[in-house]
Each structure stands twice: as structure tokens, then as C-alpha cells.
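# Residue-level structure breakdown
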Amino acid sequence: MPARIVQKNRRPFRKLKVDSVTIDIIESALRNARFEMDTVLFRTAMSPGIREQHDEFPLIANLEGKMVVGQFGSFIHGFLQGYDGTVEEGDVFLTNDPYSCNGAISHINDWLMLMPVYKDGRVIAWAAMFGHMTDVGGKVPGSLPTDARTFYEEGVAVPPVKIIRGGKLQDDVLKIILHNCRLPTWNYSDFHAIVAALRTAAIRCVDLSRRFGDDVFYSAMDAMLERNKRAMRELIRRTVPEKKQHFEDYVCDDGMNMGPYRIACAMWREGDTCIFDFAGTDPQSISSINFLLNEEMFKMFAGVYMIMVFDPQILFNDGFYDLMEVRIPEGTLLKPLKPAALSCRTHALGRIFDVLGGLLGQGNPAFMCAAGFSDSPHFMYSGYDKNGEWYQLYQIGFGGIPGKPFGDGPDGHSLWPSFTNVPNEFLESYFPLRIDTYETITDSGGPGKFRGGNGIRIGYRILEPGEVSIHDDRWLTYPWGVNGGLPGSRSRKLLKRADGSEQVLPSKTDRVKVEPGDLLVYETWGGGGCGDPLEREPAMVAFDVDAGLVSVEGARRYGVVLKNGRVDAAATQALRAEMATRRGAPALFDRGFRDIAELKGRCKAETGLEPPAAPQFQARTRSRRRAAAEARPGRA
Amino acid sequence: MSYRLGIDVGGTFTDLLLVDEKSGRTWSAKVPSTPKDQSVGVLAGLMRVCRQAGIAPSAIGHVMHGTTVATNTVLTSSGAKVGLVTTRGYRQVLQIARSYVPGGLGGWVIYNKSLPMAPLALTIEADERVDARGEIVRPLDEGALRASLAKLKSAKIEALTVSLINAFANDAHERRIREIAADVLPRVPVSLSSEVVPEMQEYERTVTTVANSYVRPVVQRYVNSLGKKLASKAGEVKLHILRSDGGLASAASAEEYPVNLLMSGPAGGVTGALWVALQAGFPNLLTVDVGGTSTDVALIMDGVPRLRRETTVGDVTVRASSVDIRSVGAGGGSIAHVPDLTKALRVGPQSAGADPGPAAYGRGGTEPTVTDANVVLGYLPPMQRLGGDLELDRALAARAVGKVAAALGKSVEDAAQGIYDIVNENMVGALRLVSVEQGHDPRDYALIAFGGAGPLHANALSRLLGSWPAIIPPGPGVLCALGDATTALRDESARTYIRKFSETSAKEITGILEQLAKTAAAALEHEKVPAQEMRRSFQVDVRYHGQGLRLTIDVDAKDLAKRGLKAISDPFDAEHKRLFTFALPLEHEFVALRAVVQGRGITVKRPAIPRGSRDPKAAAVGRQAVTIDHRKAQATVYDRAKLRAGNRIKGPAIVIEMDSTTVVLPKHTGLVDKLGNILIYPDGHKGLR
């Protein structure tokens with residue numbers, strides 16, 4: 001039974017024709033409110049992942065639950081369908097269970113909170129936000145076990161519960177949850193920070209509704225959705241071909257020495273509708289790299305990418321969702337069945353963006369960006385220090401931004417919205433480690449007319465005995481280049497022990513014991529190159545060499561010959577001519593390998609790691625009875 | 001020696017304001033700016049204003065100057081060739097920055113990062129290491145450093161920055177490198193991160209110190225040349241430069257730490273607005289400075305401008321205190337357009353600039369700007385001459401606005417009204433950042449508008465925010481110079497101090513604050529401020545242990561002695577609750593300690609204007625057809641110079657003066673106070689009683 005929304009005021013909203021300038025005003029006011037939510041959370045949260053790195057996402061939705069401003073697409077309708085209970089004024093809901101909200105959040109580290117916004121006894125809007133908690137319990141610190149086989153091993157899962165009932169915090173419920181987390185203080189304050197952000201949004205919505213009138217506010221939100229739909233319809237018509245485009249990419253391994261896993265997608269247009277079909281994607285993994293991909297969220301990703309590439313002025317919201325159809329087969333890596341483990345979904349999530357880039361660009365190669373949105377490398381380090389105090393670090397790293405038709409990809413920057421790095425001086429002050437090296441890796445960005453950004457090399461010097469976890473990808477496959485651009489370099493992790501021995505670590509691993517004096521050299525991938533490297537201005541190549549971002553040897557990959565730091569024009573011309581002949585016409589995609597077998601064949605020699613075995617799948621389909629039970633929280 | 005001179009150098013005009021410290025009488029002058037060497041315009045203005053006052057330039061004792069030299073150097077990328085020394089392993093600290101890509105999801109697709117102010121090719125590494133507690137892990141390799149510095153020498157760097165990891169905790173290596181640099185690179189100015197901003201966070205410290213080096217030679221040349229020229233005309237004067245935080249720096253300190261001057265110009269406006277508003281009896285204020293391309297806003301609570309611990313110019317953000325001024329790309333020259341896909345009306349951030357400027361200027365501009373909308377709506381009447389001589393062409397304005405009208409399918413008046421409304425909303429967005437986002441209710445604040453275009457929008461902004469009255473000071477254009485002239489000398493000394501409350505004591509904190517106050521006072525003593533005129537205040541930055549934020553709490557030394565650290569934690573909890581709706585039962589942590597020492601400001605008052613009757617008809621100079629809120633009306637036009645104290649201007653009305661135009665909306669009344677300010681209230685408001 002769907003949720004029952006309790007409203008004292010039953011007067012329906014009237015749909016008015018709202019002057020376009022008023023819509024603009026409400027639109028900018030709501031956009032400001034959404035940024036205010038961010039500000040409140042960043043300033044008060046404690047998990048470094050939220051407060052320093054900004055791993056959080058807000059939204060404001062209209063009373064039907066459609067996102068009007070925000071970044072993760074609306075799940076509210078689905079939530080209301082699945083929640084068996086009432087929604088009342090002053091309630092705030094909490095969940096971190098991806099299976100209960102159809103993947104609106106995709107692993108249990110993300111705490112999602114939802115609040116109805118009431119005014120004069122009626123719901124006028126919804127505010128929601130989620131943030132990544134450093135720890136939610138489970139079998140490993142950080143709650144992202146690479147070897148989990150089921151969701152139950154990953155930590156404390158909270159189905160949608162009314163954590164604040166009529167304005168009153170349900171202390172007992174929160175206590176149980178916090179009791180299962182390793183850093184309860186952080187979760188506690190991050191929880192309150194999210195509530196504060198939701199309240200901020202609610203106050204803004206009520207203010208706006210008061211200023212313009214409830215019916216105008218209601219109608220303006222509707223008009224914003226409609227306006228976005230109109231713009232997106234035009235964009236889809238202009239940019240998505242009716243002919244099917246195919247693209248596929250890979251997650252290198254599953255943390256259990258199997259891989260790579262294929263993500264395949266086709267895109268085409270039928271009338272005004274853009275269709276994405278993930279048929280051909282590999283079945284769900286037995287490890288935790290599954291990514292429960294919410295269809296609406298994928299629409300948002302796709303829409304945002306189209307907007308960014310073709311017309312960044314458009315404000316995106318849920319308005320265009322009718323214009324897209326997303327088909328994801330059940331039981332695959334992107335729609336695993338409960339209780340498949342989900343915690344390490346970051347690799348597939350990152351790869352979805354590369355797949356999108358590969359699809360969208362094919363119809364318009366001139367607008368095509370290279371790959372490099374490849375992952376969200378994690379570093380975790382925990383243990384007890386000399387004083388017997390528990391320390392636990394969760395840090396997100398960055399690689400190189402892909403080359404794009406508008407310019408080079410920055411070196412060591414974030415592809416995730418509003419993410420930042422953690423200052424090393426902060427890390428050294430609060431955790432028992434020293435950062436000996438923090439630099440980008442020369443030549444790691446894929447050469448192109450527009451160079452891919454270099455990856456980052458971080459040298460973590462360990463100062464206390466502890467354990468390290470690593471989550472990364474693109475160690476086997478490469479971030480591909482486009483339109484003649486070459487692929488970026490792959491990631492790599494090397495542990496140099498204090499005793500002088502060295503060990504290449506897998507890209508996904510838990511419980512690596514480390515001792516004082518050990519040095520972990522953590523290298524991320526470079527962005528793919530965009531456009532023909534032989535067309536890059538030789539002076540720009542020389543500039544990068546001068547800066548140390550590209551080596552003299554690396555410059556030759558652009559066909560540029562340097563002598564004593566200066567471009568040798570004649571030698572450059574000759575080399576470029578020779579390379580052009582040898583290469584022939586530039587390919588649309590350069591993946592850096594011919595096929596998977598060939599790639600695996602040179603894996604050990606190039607990476608120092610054994611190639612992963614072909615994945616074994618546990619094919620599962622769900623029974624009708626089970627599907628029905630799962631739709632009712634608390635009875636599954 | 002009883003005169004003070006305030007100087008504000010703008011893009012087009014240089015404003016000067018001379019104050020007789022005894023009588024409080026003021027004289028102002030406006031001369032064209034001389035962008036090539038600003039001191040030329042300044043000198044011309046100085047001579048003119050002295051002639052007006054009938055005094056010899058040597059009667060001027062203090063010159064207070066707000067300058068945009070540092071700002072423009074950053075905005076036009078015309079700074080010094082800067083070399084940078086980092087710790088080994090950190091050469092790319094500016095290249096990686098904070099890894100932040102603006103623009104939200106997918107923002108990277110269109111993001112092109114600008115080059116760092118210290119090129120990588122001129123960045124060298126020092127083999128050394130200090131840990132987070134300040135212990136030396138690896139001593140400095142001096143031989144290797146000398147060799148690297150020699151390379152920078154042959155590259156002919158013009159300034160050097162030293163920014164080493166954890167230098168906030170121990171500056172020994174940075175100081176040693178300066179000594180070596182003095183040897184290898186004599187005459188190249190050296191900036192140390194441990195001096196410019198001794199705070200944690202390597203990127204912020206480095207970029208701030210590099211920015212200091214970047215603008216330093218330019219500022220040095222300018223301040224030096226200005227000082228010499230002033231001395232040649234006026235003999236021994238003390239030259240002070242207004243800092244971004246609204247305090248004054250000596251010429252010497254300005255030359256050494258120019259990164260503190262990046263907001264010097266706008267800070268003058270805020271202090272000037274404050275000076276005016278305090279005398280009118282309004283200590284709680286939102287300030288709105290509307291220029292040609294942007295609008296700067298700030299919030300003043302209880303007579304104190306809110307500060308923030310960073311300054312942003314263009315895409316450079318540095319750790320230097322500044323008045324919390326937010327800029328939005330919405331000014332008189334902002335261009336309105338209607339994107340093809342969305343059919344939404346947008347205004348700015350593109351601007352027609354000064355050249356060609358708005359279409360109404362008749363200098364070849366064809367894009368519809370905010371000024372053109374104001375002309376179409378009748379708010380800028382034909383009898384108004386901008387800056388005294390510029391004639392406005394309504395037909396050209398209407399033609400330009402017509403483009404937007406056609407795209408929207410509306411009348412020209414409706415389109416102009418749309419532009420006016422949208423740009424007001426954009427300004428309100430900036431005002432919300434400094435008010436509601438910081439937990440302040442704009443209804444508790446008056447709004448003061450200045451800059452050429454501010455008074456055109458003031459009434460509308462106040463109506464949107466509920467901020468009454470809207471204050472229009474006389475001569476809103478010279479407010480910055482006024483602020484410069486009335487500012488007190490101020491210096492502060494701060495240090496990063498990360499300790500949980502349980503690890504320190506009220507006594508220890510008091511000891512450090514006293515020490516910091518001594519350092520800050522020394523700078524004022526150097527400027528010959530008598531000790532009895534110095535006012536000390538203490539601030540601490542605090543958070544809950546584990547948080548990343550820092551809230552600045554004013555410390556009452558007596559209360560601290562009496563109640564211990566609760567005198568800090570209680571107000572912190574209250575502030576946290578006010579800002580974020582909750583407080584936490586968790587341990588508090590100090591982040592930084594700061595002492596501020598301030599000299600006495602000028603105590604002069606502005607003279608009153610003559611009293612008149614309630615009816616301002618003696619000042620009426622005509623009628624003007626206007627469109628307000630989509631309705632046509634006839635507004636009375638008044639000459640500001642003829643207004644008298646006690647006059648009540650019923651809206652719709654327009655008040656013109658040489659450098660600005662004020663709009664009073666229907667159902668609103670502008671009350672002229674005894675100092676000549678126009679205070680606009682909605683009819684029936686208690687302020688009118």
C-alpha cells in the first residue's frame with residue numbers, strides 16, 4: 001500500500017498561467033536554495049568525504065515529487081509507492097537501502113533523507129539530500145568490503161523509516177543505527193547536518209510560496225519542468241540520431257580476481273524519445289561491484305551530459321524524463337537482484353559516464369570527449385594509534401580529466417561535481433601518516449590535439465601500524481582516446497616496505513597490513529586524449545615539457561622533437577609526416593588494446609599483476625512472489 | 001596638518017574627498033582617472049580639491065587611499081614573473097590546486113583551467129621536510145637549493161615565493177631560504193607563506209603567497225611613486241592604503257603584503273556607506289554598490305562589516321581577510337538575452353562594458369543592457385546627463401530592448417520591465433548570500449545603495465527583501481573616497497592554533513592573545529598612533545572537533561577570566577545554532593587565535609543641510625512618463641541639490657543629481673533627513689511617522 005500523505009488543508013492547488021519572468025525569479029531562488037543546502041552541510045558535517053570532498057547531493061522537488069533543482073533525479077514517487085505508512089508535517093525519513101528506493105542511492109554508505117515541505121497544512125514541495133558516511137559498520141572499516149557476496153555483509157541497512165516524527169527525533173532508532181557504526185560521532189553530526197540542510201530548503205520554499213502565493217509557486221515549478229522538457233525535446237531531436245549507436249566499456253575486475261565485466265548500451269531516437277538499452281551488459285557479479293542503477297538517475301546523467309556538451313545554459317530538472325526511456329535487464333551488473341552486494345559500485349558508476357560519452361558523441365563526433373570519468377579511487381587507512389585511539393581515514397582520489405573538444409583536461413582534477421581534495425596538511429595533522437609526494441604523473445595524460453589530464457601520484461608514508469583498503473579501476477583497460485587521441489595511462493599501486501621489499505597491490509583490496517616506514521605509492525589513471533596529437537601546436541607541447549607535465553620522450557608521441565628545450569621544426573615536421581603515414585586515418589576510438597585476450601596476454605608483464613580470470617556468474621531471476629514481498633519494506 | 005584626504009581611483013573617474021578634521025567640513029572633486037599611471041590623476045585631483053578648499057596641499061596630514069591596482073593586476077594577468085619554492089614532492093601544488101572543477105555534474109566538459117600565477121617551469125623543490133607538529137624530519141639541503149635558485153635567476157624572475165609544507169607550524173626553513181635567496185637573487189622581493197598567511201592548508205597558503213608576489217612589484221612601484229609625488233606637493237604626509245578588510249595599512253606594509261589589498265576599492269565603499277548610515281542612525285545595513293558590470297553587496301551588523309577569511313578576484317581565491325563582499329555580474333552594462341532553446345529571459349553576466357556601453361549612450365552599442373531598460377522605463381529621463389555631459393538616446397535604447405521583446409513576444413516596455421525585474425532578482429541573490437545564508441533576516445536591516453546605478457534599483461531591492469529604509473546618500477558616487485577618508489588605522493595578528501578545549505586552558509589562550517596583541521600594536525606604534533588611542537579586541541576561530549568549518553567568536557577577556565573556556569563555547573554553540581539550526585554535544589576545538597588593534601577613527605560629522613517644508617515642490621524640475629510594474633504613470637522629477645531636510649517625496653518620483661538617479665516607486669515615500677540622505681519607506685511604514 002502506498003504512503004498516505006496527511007494534509008489538514010485539502011484545498012487543491014490551482015494551475016495558473018505564470019508570467020515567464022516570475023518563473024525565472026522562482027527558478028533562480030530555488031537554485032540558490034539548493035546551493036544553500038550544500039553550504040549548510042559542508043560547513044557542519046564531520047565525515048571528511050562530505051565536508052572536504054563534497055560527496056553529497058541535494059534536491060528540491062515539486063509536490064508530485066519531481067526534481068525541480070538538484071543533481072540526482074527524483075526517487076520520491078517510487079518511495080511513496082513503497083512506503084507503508086503516513087507522511088505528516090514535521091516528518092523526516094531516512095534510508096540507506098538501495099533496494100528500498102529503487103537505487104536512488106546505490107550503496108549503504110549513502111544516507112538519504114527526505115522531508116515533505118508543508119505550508120498551511122498542505123505539502124507544497126519535497127526536499128531531499130544524501131551524503132556518504134565514512135563508516136556504516138559491516139565487515140571492514142569504511143564499509144566497502146571488496147569481497148562481500150551479499151548486501152548483509154556491508155553494514156547496517158536502514159529501510160525507509162520516519163527518523164523524525166512530527167518534528168521529534170526518534171532517538172532509539174538513531175541509537176541502534178549509530179551503535180553499529182565505527183565512528184558514531186561523525187554519523188551523528190552528519191545526520192544533523194543533513195536535517196539542517198533540508199530545513200533550510202523547506203524555509204526557502206515556504207518563503208517563496210508566501211511571497212508569490214501557493215498557486216503561483218506550484219504552477220511556476222510546473223512551468224520550470226515544462227520549460228526544461230521543451231528545451232530537451234529540441235536537443236534530443238537535434239543531436240540523437242535515429243540510427244542505433246552502440247558502445248561498450250569495462251570494469252576491469254571484481255576484487256575477486258575475475259574480470260573484466262562488460263557494460264554495453266545502445267542509444268537511438270524514436271520520434272521525440274531517446275532510448276537507452278543496456279542489453280548485452282554482463283550478469284550481476286558475485287562480489288560487491290554491482291551498481292543498482294536507477295533509471296531516472298540515468299536519465300538525469302544523460303540529460304546533463306547533453307546539456308553540457310551542447311548548451312550549458314539550460315537548467316536541468318526532471319521535466320524531460322518522459323522523453324527518455326531506459327531499459328536495463330534484470331539480474332545484470334546494473335540491475336542486480338537482492339541480496340547482491342553493492343558497496344563497491346563506484347567503478348561501474350564511473351564507467352557509466354564513459355559509456356554515455358561514447359554513445360552521445362557518435363552522432364556528433366565534433367563534440368566528442370575522451371574517456372576518463374573512470375572511477376572514484378578510494379584510499380582507506382585505519383587502526384589504533386600509540387595512545388590506543390581509533391583512527392580511520394576514507395579519502396577519494398582523482399585522476400586526469402579527459403581531453404575535450406573545448407580544451408585540455410586538467411591534471412589531477414575531479415570529474416564529480418563540487419568534489420575537492422583533502423589538504424595534505426590536514427591529513428598529516430589528524431592521521432598518522434605523511435604525504436611524501438603529491439604530484440601528477442608525467443606523460444600519463446593521453447596525447448591528443450587536446451591532451452588528457454595527468455593522473456596523480458600520492459606517496460603515503462605510514463607512521464603507525466594499521467590496515468589499508470584500496471578501491472580503484474582502469475588498471476587493466478585504458479581510458480580511451482577519441483578522434484585520433486591516444487588513451488591515458490592506467491592506474492597502479494605499489495607498496496614499498498620499510499625493509500626495502502616491493503609489492504604491486506591489486507586495484508581492489510582490503511586488510512593490507514602496513515607498518516611504520518612503509519610507503520604506499522598510489523597512482524591514478526590519466527585522461528584520454530581528444531583529437532589528433534599530430535595537430536597539437538608544437539609550442540604547447542614544448543610548454544608542457546618545460547612544465548614537466550610531458551617528457552621530452554613523451555613529446556615524440558605528439559610527433560614533436562625538442563632539442564635543448566626548443567622545438568626542432570624540421571625534425572618535428574618529418575616525424576609527424578612519418579607518423580601520419582604509419583598510422584593512417586585516425587580512429588574514432590582508441591582503446592589501447594585489440595581484444596580482451598590480447599590485453600590479458602600482456603597484463604602480467606605490464607602491470608605486475610596476474611590477469612583476472614573470466615567472470616563466473618550466478619544467473620538469478622527473481623520469483624514473482626519474492627518480487628511482491630520485496631516491494632513491501634519490512635516483509636522481505 | 002588637520003586635513004585628511006580620501007582618494008578612490010575608479011575605472012573612469014578618480015574621486016577625492018577632503019575632510020577638515022576640526023570642523024568636519026568636506027570638499028569633493030572628481031577628475032578623470034589616468035589608467036597608465038594612476039598617480040597622475042590623483043595629483044591633479046589633489047590640487048583641485050585643495051584649491052576648492054582654499055588650503056595649501058601641505059595642510060594635509062593623512063592621505064587614505066583605496067586602490068584597484070592590485071585587483072587589476074590579477075584581472076588582467078599583468079603581474080610579475082614569479083618563482084616558487086616548494087617542499088620536495090609538492091612542485092605541482094598549484095597545478096593540482098584543490099582538484100575542484102566548477103559547474104556541477106558534467107561541468108568538466110566546458111571547464112578550462114587558467115594557468116597558475118607561478119608557472120610550473122619556474123617552480124623548484126627544496127629538499128627538506130617539517131612535520132605537522134613543526135618537528136624537522138629532514139634538514140634543508142642548502143647546496144641543492146642554491147643550484148636551483150640560480151636557475152630561477154637565469155630565468156629572470158621578478159619575485160620569489162617560498163611555501164613549504166607545514167611551514168605554519170615551523171617557519172625555520174622558509175626563513176633560511178629567504179637568506180639564501182637574498183644572496184643568490186639580490187633585489188628580488190621574497191614572500192614567505194609563514195608570514196603572509198601562517199595557516200594550515202598548503203594550497204591556500206601557497207596560492208595566497210604567490211598572489212602576494214605576483215602583485216607585489218606593481219603595487220610597490222605604484223605606492224612608491226604616489227608617495228614621492230605626494231611628498232613633492234604636500235610635504236610630509238602619511239600615506240595609508242585601505243585594505244580588503246576595511247582597515248588601513250601603512251605604505252610600507254601595503255608594499256610588503258599587497259595580497260591584503262585585492263578588495264581595497266570596494267572595501268572603501270562599504271566603510272563609506274557605514275559612516276553615512278551610522279550618522280543617519282542605521283547600524284544594521286545591507287550595502288549595494290551597482291557599477292557598470294557588477295554589483296557588490298555586503299552586510300554590516302551593529303556597525304561592524306562582516307569579514308570573511310578569503311578574497312576572490314576573478315577566478316583566484318586567496319586566504320586574506322576581506323569585508324565579505326559578494327559580487328554578481330549584474331550592473332548597468334549587463335546584457336539581456338533570450339536563449340533559443342529555453343526562451344527564458346537572462347540578464348548578464350556578459351556586459352557591454354564602458355565601450356561601446358549601453359545602446360542609449362549612442363557609442364555604437366546595440367545589445368540591450370540594464371541601462372537601456374532603465375531608459376525605456378523612463379527611470380533615466382532625457383534631462384539626466386550621466387557624469388554631467390553624456391546624453392541618453394531613448395530611441396536607440398528602445399531599439400536594443402526591442403530585440404528581447406521580439407524574442408519574448410512582448411511589448412518593448414514589458415521586456416524592459418522584465419530586464420529590470422530579473423537584474424533586481426540577481427542582485428537579491430547576492431544579497432541573500434550575505435544575509436539569509438549567514439542566518440540574518442534582511443528585514444532587520446536597512447539597505448544603502450550607491451555607485452552610479454545603485455539608487456535606480458534601491459527601492460525595488462528593498463521591496464523584495466523587506467529591508468527598510470532604502471538609504472540614498474547624497475553624492476553616492478563619492479562614497480568610496482568618503483570611506484577612505486574616515487577609516488581608522490587597524491592591524492591584526494593571528495596564528496593557527498589547533499587544540500581541543502580539554503588540551504588547553506583559558507590562561508594559556510589569554511597569554512597567546514596578549515602576545516598577538518603586542519605584535520599588532522607594534523605596527524600601529526610605528527605609524528605613531530598613541531597607545532591610549534588603541535583599542536584591542538580578540539577573536540578565536542572555533543569548531544566542534546572533527547568539523548571543517550571555523551566560526552569566529554569575539555572573546556571578552558574579562559568573561560574568559562571569569563568563566564573559563566565556557567565564555568567561548570557558549571557563544572559558539574549559540575552561533576552554530578543560529579546559523580545551522582542545531583548545536584552538538586561534542587567537544588570544541590580551537591583553530592586560530594587573533595588579536596586586532598585599532599586606532600581612533602575620525603570623529604567628524606557631516607554638516608546638516610537646511611530644513612524645508614514637507615512638500616518638496618520647490619525642488620521639482622519636471623514630469624516624466626514612466627512604466628512601473630507594467631503600469632504607465634507620470635513621475636515628478638526633482639533636483640537633488642534643491643531638496644531640503646524634512647521634504648517628503650511621494651512616489652512615483654525620480655531624483656536626479658550629477659552622478660546618479662534615484663527612483664521612488666508608487667506607494668513609497670522618500671524622506672529627506674537632516675544630512676541630505678533620502679530614506680525611502682513604503683507608505684504607512686512607521687519610519688515615516
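Residues numbered from 1 in each chain as written. Chains lettered and ligands numbered in written order. Predicted model: local features only at pLDDT ≥ 70, side-chain atom pairs only at ≥ 80, totals over all residues.

### Here's the deal with the overall build of chain B
Assigned secondary structure in chain B consists of 17 helices and 35 strands. In terms of C-alpha radius of gyration, chain B reaches 26 Å, essentially the compact-globule figure of 26 Å for 689 residues. Principal-axis analysis of the C-alpha atoms places the extent of chain B at approximately 80 × 60 × 60 Å. Per-residue burial for chain B yields a buried fraction of 55% across its 689 residues. Of all intrachain contacts in chain B linking residues separated by at least 6 positions in sequence, the fraction that spans at least 24 positions is 67%. (Helix = DSSP H or I, 4+ residues; strand = E, 2+ residues; numbered from the N terminus. Rg over C-alpha atoms; globule rule 2.2 N^0.38 Å. Buried ≥ 20, exposed ≤ 12 C-beta atoms within 10 Å, placed from the backbone. Contact = placed C-beta atoms within 7 Å.)

### Re the overall build of chain A
If you tally the helices and strands in chain A, you get 15 helices and 26 strands. Within chain A, the fraction of its 636 residues that count as buried is 60%. Partitioning the intrachain contacts of chain A with sequence separation of at least 6 by distance along the chain shows that 74% fall at a separation of at least 24.

### Remarks on the interface of chain A and chain B
Listed by partner, the interface residues are 66 residues for chain A and 54 residues for chain B. Contributing elements (two or more residues each) for the side of chain A that touches chain B: helix H1 (20-44), helix H5 (184-212), helix H6 (214-239), helix H7 (295-310), helix H9 (424-430), strand E16 (433-440), strand E17 (456-462) and helix H10 (538-547) of chain A. Considering each element in turn, the side of chain A that touches chain B owes the most residues, eleven residues, to H1(A). Class assignment of the residues belonging to the side of chain A that touches chain B gives a composition of 27 nonpolar, 22 polar and 17 charged. (Nonpolar A, V, L, I, M, F, W, Y, C, P; charged D, E, K, R; others polar.)

### Considering the nonpolar core
Ranked by size, the top nonpolar core spans 391 residues in total, and within it A:Ile60, A:Met113, A:Leu198, B:Val401, B:Ile419 and B:Leu447 carry the most contacts. Among the elements that take part in this core, helix H7 (residues 202-234) of chain B stands out by supplying 13 residues, more than any other. Apart from the residues within four sequence positions on either side, A:Leu198 is in contact with A:Val92, A:Met113, A:Met115, A:Ala127 and A:Met129. (Core = buried A, V, L, I, M, F, W, Y, C linked by C-beta atoms within 7 Å.)

### Some remarks on helix H12 (residues 412-434) of chain B
Here H12(B) spans 34 Å end to end across 23 residues, near enough to the 33 Å set by a 1.5 Å rise per residue. For H12(B), the buried fraction is high: 21 of the 23 residues fall into the buried class. (Expected span 1.5 Å × (residues − 1).)

### What to know about the packing of H1(A) against H6(A)
All names here are of chain A. Direction vectors running N to C along H1 and H6 enclose 85 degrees, while the axes themselves pass 9 Å from each other. Between H1 and H6, the crossing angle belongs to the class labelled roughly perpendicular. Of the residues in H6, those in contact with Thr 22, Ile 23, Ile 26 and Glu 27 of H1 are Val 216, Phe 217, Ala 220, Ala 223 and Met 224. Among the residues forming the contact of H1 with H6, the class breakdown is seven nonpolar, one polar and one charged. (Axes fitted to C-alpha atoms, helices over the stretch in contact; angles between N-to-C directions. Parallel < 35°, antiparallel > 145°, perpendicular 65-115°, else oblique.)

### Regarding the sheet that holds strand E13 (residues 324-327) of chain A
Residue and element names in this part refer to chain A. Reading across the sheet, the four strands line up as E10-E11-E12-E13 and stay open at both edges, with mixed pairing between neighbours. Strands with a single pairing partner mark the edges of an open sheet, and in this sheet they are strand E10 (245-251) and E13. The average angle at which neighbouring strand axes cross in this sheet is 15 degrees, direction not considered. Relative to E13, strand E12 (residues 273-277) runs parallel, the two sharing four bridges. Bridged to Ile 275 within E13 is Glu 325. Of the strands in this sheet, E12 and E13 touch H7, which is tilted by about 125 degrees from E13. (Pairing = 2+ DSSP bridges.)

### Description of the domain arrangement of chain A
Domains assigned within chain A are domain 1 (4-226), domain 2 (368-532) and domain 3 (535-585). For domain 1 of chain A and domain 3 of chain A, the distance between their C-alpha centres works out to 52 Å. (Domains from an automatic or database assignment.)

### Let's talk about the environment of B:Gly409
Residue and element names in this part refer to chain B. Locating Gly 409 in the fold gives a position in the loop between helix H11 (394-408) and H12. Gly 409 sits in the exposed class, given 10 other C-beta atoms within 10 Å. For Gly 409 and Asn 170, which are 239 residues apart along the polypeptide, the C-alpha to C-alpha distance reads 66 Å.

### Comments concerning the sheet that holds strand E20 (residues 492-496) of chain A
Residue and element names in this part refer to chain A. Taken together, the five strands give an open sheet; going across it, the order is E16-E17-E23-E20-E21, and neighbouring strands pair in antiparallel fashion. A strand with exactly one partner marks an edge of an open sheet, and here the two such strands are E16 and strand E21 (502-505). Geometrically, the sheet is characterised by an average inter-axis angle of 15 degrees between neighbouring strands, direction not taken into account. Strand direction decides the pairing type here: E20 and E21, joined by four bridges, are antiparallel. The partner of Lys 493 across the bridge, within E21, is Leu 505.

### Describing the environment of B:Gly599
You can see B:Gly599 is positioned in the loop between strand E28 (588-598) and strand E29 (620-628). C-alpha separation for the pair B:Gly599 and B:Ala488, spaced 111 residues apart in sequence, amounts to 5.6 Å.

### Remarks on the packing of H12(B) against helix H13 (residues 454-465) of chain B
Residues and elements named next belong to chain B. Interhelical geometry of H12 versus H13 gives an angle of 60 degrees and a closest axis separation of 10 Å. By the angle between their axes, H12 is oblique relative to H13. Crossing of H12 over H13 shows right-handed handedness. Of H13, the residues touching H12 (which contributes Asn 424, Met 427, Val 428 and Leu 431) are His 457, Ala 460, Leu 461, Leu 464 and Leu 465. (Left-handed = near helix turned anticlockwise from the far one by under 90°.)

### Comments concerning unusual backbone geometry
For the bond running from A:Lys338 to A:Pro339, omega is 10 degrees, close enough to zero to count as cis. With an omega of -5 degrees, the peptide bond running from B:Trp468 to B:Pro469 counts as cis. Mapping B:Pro469 onto the fold places it in the loop between H13 and strand E24 (470-472). Despite not being glycine, A:Asn564 shows a phi value in the positive range, around 50 degrees. With respect to the element layout, A:Asn564 can be found in the loop between strand E24 (562-563) and strand E25 (566-567). Its 5 C-beta neighbours within 10 Å are what place A:Asn564 among the exposed residues.

### Let's talk about the environment of B:Leu226
Residues and elements named next belong to chain B. Secondary-structure assignment places Leu 226 in helix H7. Once the C-alpha coordinates of Leu 226 and Asp 37 are considered, the two residues, 189 residues apart in sequence, prove to be 9.4 Å apart. Ignoring any residue separated from it by four or fewer positions in sequence, one finds Leu 226 in contact with Ser 39, Val 42 and Leu 239.

### So, the pairing of strand E2 (residues 13-20) of chain B
Residues and elements named next belong to chain B. Counting buried positions over the eight residues of E2 gives seven, a clear majority of the element. The pairing of strand E1 (residues 3-9) with E2 spans seven bridges and is antiparallel. In the sheet register, Asp 8 faces E2, and the bridge partner there is Asp 15. By the bridge criterion, seven bridges tie E2 to strand E3 (residues 26-32) in an arrangement that is antiparallel. Bridging from a neighbouring strand, Phe 13 pairs with Pro 32 of E3. Linking E2 to E3, which pair antiparallel, is a turn of five residues; within it Gly 24 sits at a positive phi near 80 degrees.

### What to know about the confidence of the model for chain B
Residues at a pLDDT of 70 or more form 97% of chain B, whose mean pLDDT is 90. Predicted complex, confidence summary: ipTM 0.90, pTM 0.87. (pLDDT = per-residue confidence, 0-100.)

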